[in-house]
Amino acid sequence: VVFLEYAIANRMKTLKGSAIREIFKMAGKPGVISFAGGVPAPELFPNEELAQISADILRKEPELALQYGITEGYMPLRKAVKQRLLEKENIGKDFDETIIVSGAQQGIEHAIKILINPGDGVVVEQPSFIGTLNALRSYEADLYSVPVQEDGMDLDRLEDLIRKHPHIKMIYTIPTFQNPTGVSMSIEKRKTLYELACKNNLIILEDNPYGELSFDDEKLPTIKSLDTEGIVIYVGTFSKILSPGLRVGYVCAHQDLVGRITVNKQISDVHTSMLPQMMAYEFMTRYPMDDYIQKMRALYKHRCNFMIEKMDEHFPERCSHTNPRGGLFIWCDLNGDFDTVEVARECAKDLVVFVPGSTFMVDMEKKSSGFRLNYSNMGDEAIEKGIRILGRSLTKCIGK
Ligand SMILES: Cc1ncc(COP(=O)(O)O)c(C=O)c1O
């Protein structure tokens with residue numbers, strides 16, 4: 001039976017299922033080496049600690065954990081998040097407020113729903129995170145893209161777009177260890193981007209799930225920390241520094257906007273589940289969170305360097321790649337007239353999967369010679385084997 005096409009709302013019609021669904025389906029199968037996900041190393045999950053914490057919560061505070069909670073979030077967690085944001089990122093001052101949401105993805109969707117009318121212009125980095133691209137498509141935004149350069153978005157191109165299209169309202173950016181490129185925006189560009197947004201009355205949606213996963217101690221200021229005018233919406237999450245399954249994230253933005261997000265959350269999921277909020281809070285207070293994150297940073301640094309070393313050994317010479325200083329991803333480019341959707345299909349036959357570049361583009365129909373590799377989720381043996389096989393498959397597809 002086919003569902004009635006006319007019954008589908010217009011806003012969903014630009015959203016298509018992924019053309020590479022069959023590749024993703026393979027990712028979890030035995031024997032397949034997947035560089036496709038964007039997920040943390042499961043062996044680092046603090047299973048025992050979280051088992052103890054959840055048992056304690058359910059025994060000692062069941063009336064809190066199992067009852068409805070307030071929409072803005074479990075108060076102790078909210079306070080702890082605010083304090084962490086202030087201490088680490090110097091954000092959350094004056095006119096700003098923070099709300100707990102069910103993952104960064106929900107925060108992003110709320111911000112878009114509240115601000116974007118059908119046909120409003122939104123600029124995104126190209127390539128960019130598909131979760132946000134699809135959220136923008138579902139609210140019928142008019143999407144424009146600017147290329148990601150070695151030091152972040154191409155601001156000349158951005159300025160050009162802003163000049164030409166006065167209906168542009170918002171800029172979406174992942175300035176630190178971007179998904180999918182792993183690239184970070186320079187401090188100078190962060191400042192210029194903020195000034196550009198102020199001058200043109202634009203909102204910046206700053207998405208920062210990977211900022212804490214840096215390989216060294218250099219820290220880049222968030223754009224939100226520069227925000228004296230209340231135009232930056234900052235979205236963060238526990239997904240990459242604790243567990244994505246908990247579904248706990250947060251939004252720090254102008255209090256009026258957080259007020260609107262609160263109303264919207266009431267019609268979305270009422271509040272983020274209490275037990276995971278309480279677990280995140282307990283974990284933050286019982287254990288040294290930064291030590292735990294430090295372990296992740298060291299492991300990901302090793303895996304990233306190891307993967308690049310193997311890529312340089314096995315990949316065709318024409319294939320270039322980024323050199324991330326944190327986060328979860330390396331972006332590769334075959335530098336030629338290649339379609340990595342086709343290449344990914346070929347490589348999947350050899351049981352290695354990755355995400356082809358077109359997935360991260362505004363126009364997904366256009367072919368892309370880029371692709372994304374994830375290094376956080378695999379041990380050395382799988383990385384070595386996977387990259388060796390991938391090198392062979394790539395050479396078969398595109399030559400030396
Ligand atoms: C750039 C970016 N933003 C947001 C998210 C969503 O994170 P969450 O699990 O907190 O919803 C992801 C997840 O992969 C991401 O890569």
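The coordinates are above.
As the structure is a computational prediction, the values presented were derived from the model and not from experiment.

**Student:** Would you take a moment to explain the sheet that holds strand E2 (residues 96-101) for this structure?
**Tutor:** Note on sheets: strands pair through backbone hydrogen bonds, and any given pair is parallel or antiparallel. Reading across from one edge, E2-E9-E8-E7-E6-E3-E4-E5 is the order of the eight strands in this open sheet, with mixed pairing throughout. Both edges of this open sheet fall to E2 and strand E5 (152-153), since each of them pairs with a single strand only. Two elements, strand E4 (residues 142-149) and E5, share two bridges in a ladder whose sense is antiparallel. For Gln149, the partnering residue across the bridge sits in E5 and is Gly152.

**Student:** How should the pairing of strand E9 (residues 249-254) be read in this particular structure?
**Tutor:** Moving residue by residue along a regular strand, the side chains alternate between the two faces of the sheet. Within E9, five of the six residues are buried, leaving the element largely enclosed by the surrounding structure. With six bridges connecting them, E2 and E9 associate as antiparallel partners. The partner of Ile99 across the bridge, within E9, is Val251. As defined by bridge partners, strand E8 (residues 232-237) adjoins E9 across four bridges and the pair is classed as antiparallel. Its bridge partner being in E9, Val235 is matched across the sheet by Val251.

**Student:** Looking at this structure, I do not really get the packing of helix H7 (residues 155-164) against helix H8 (residues 187-199). What am I missing?
**Tutor:** How two helices sit against one another is set out by the angle between their axes and by the gap between those axes. Two elements in contact, H7 and H8, have axes whose closest approach is 11 Å; the angle formed by their N-to-C orientations is 5°. Here H7 lies roughly parallel to H8, going by the angle between them. Residues Leu155, Leu158, Glu159 and Ile162 of H7 lie in contact with H8, whose contacting residues are Lys189, Thr192, Leu193, Leu196 and Lys199. Looking at the contact of H7 with H8 residue by residue, the class counts come to five nonpolar, one polar and three charged.

How each quantity is defined
Residues numbered from 1 in each chain as written. Predicted model: local features only at pLDDT ≥ 70, side-chain atom pairs only at ≥ 80, totals over all residues. Heavy atoms only, no water. Pairing = 2+ DSSP bridges. Helix = DSSP H or I, 4+ residues; strand = E, 2+ residues; numbered from the N terminus. Buried < 20%, exposed > 50% of the residue type's maximum accessible area, 1.4 Å probe, protein only. Axes fitted to C-alpha atoms, helices over the stretch in contact; angles between N-to-C directions. Parallel < 35°, antiparallel > 145°, perpendicular 65-115°, else oblique. Contact = heavy atoms within 4.5 Å. Nonpolar A, V, L, I, M, F, W, Y, C, P; charged D, E, K, R; others polar.

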